[in-house]
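What follows is the residue order along each chain.
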Amino acid sequence: MATTAASSPSLSQKLRGLSGEVVKFGLVGLSGVVVNFAVFWVCINGLHLASLRSNIAATLIAIATNYLGYRYWLYRDRDAASRKREITLFLVYSGIGMLIETGVLGFSVYVLGLDSHYEQLGAKVAGLAIATVFRFFSYRTWVFKAEPEPAAQDASGASGQELAAQAELMLAAEQIRYAKAE
């Protein structure tokens, strides 16, 4: 069976892949932040809701928009076999993130007494930053899991790696045959 260096990426390749994932996560997250802050601002200024209620409403709407970005853009190549499990875990970890964010906001308003709208926005930024780190690691680790390595066997009993090796040999033989024909 043929093995290549490409089958086990180096640490620098893994870090490059992770940095690309972080950038895409940030772009989806940034769109969610825009939605989150816009809805929060409308709730506390236009609807005159309390800051914690405004934060919960804004975060729930942002969670819905972020799921679409994560599932259909960032993690579209990840295992989607169990969508019910994925959505359940996404909602659980998003809810924990919302509790982190709302907890920081509540602490700021009710313990520290920072209750102006701009102070509330500052607390929301701090809570969102902490919750974002938590969400990144929980989403990539448990929610949008990477597809497992192909170890399944086909009808003849060959594994995915064996099939790939056979395909490489067939391509090499075709290249030799094609070169001899010229």
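The structure under discussion appears in the preceding block.
Residues numbered from 1 in each chain as written. Predicted model: local features only at pLDDT ≥ 70, side-chain atom pairs only at ≥ 80, totals over all residues. Heavy atoms only, no water.

Novice: What is the right way to look at the overall build of the protein chain in this model?
Specialist: Counting its regular elements, the protein chain contains five helices and zero strands. For the protein chain, the α and β elements follow one another from N to C terminus as α-α-α-α-α. The 182 residues of the protein chain split such that 31% are buried. Residue pairs at least 24 apart in sequence account for 71% of intrachain contacts in the protein chain once pairs closer than 6 positions are excluded. Of the roughly 11,500 Å² that the protein chain leaves accessible, carbon and sulfur atoms contribute 67%. (Helix = DSSP H or I, 4+ residues; strand = E, 2+ residues; numbered from the N terminus. Buried < 20%, exposed > 50% of the residue type's maximum accessible area, 1.4 Å probe, protein only. Contact = heavy atoms within 4.5 Å. Areas by Shrake-Rupley, 256 points an atom, 1.4 Å probe, with all protein chains shown as cover.)

Novice: I keep staring at unusual backbone geometry and nothing clicks. Help me out?
Specialist: Excluding glycine, a negative phi dihedral is what most residues carry, and trans is how most peptide bonds are arranged. For His48, which is not glycine, the phi torsion reads 55° and is therefore positive. Mapped onto the fold, His48 is located in the loop between α1 (11-46) and α2 (51-74).

Novice: Would you mind showing me how to read the side chain of Ser108 here?
Specialist: For Ser108, the location among the structural elements is in helix α3 (residues 83-111). On the basis of relative accessibility, which here comes to 6%, the residue Ser108 falls in the buried class. Residue contacts for Ser108: discarding those within four places in its chain leaves Gly113, Leu114, Glu119 and Ala123.

Novice: Just to check I follow, could you spell out the packing of aromatic side chains for this structure?
Specialist: When we look at a pair of aromatic rings, we describe it by the centre distance and by the angle of the planes. Inspection of the entire model under this criterion finds 11 aromatic pairs. Considering the side-chain rings of Phe25 and Tyr70, the 4.9 Å spacing of their centres and the 15° angle between planes classify their relative orientation as stacked. Here Tyr70 lies in helix α2 and Phe25 lies in helix α1, a separation of 45 residues in the sequence. One exposure class covers both Phe25 and Tyr70, and it is buried. A cation sits over an aromatic face here: Lys24 above Trp73, 5.6 Å from the ring centre. (Phe/Tyr/Trp six-rings, centres within 6.5 Å; stacked < 30°, edge-to-face > 60°. Lys NZ or Arg CZ within 6 Å of the ring centre and 35° of its normal.)

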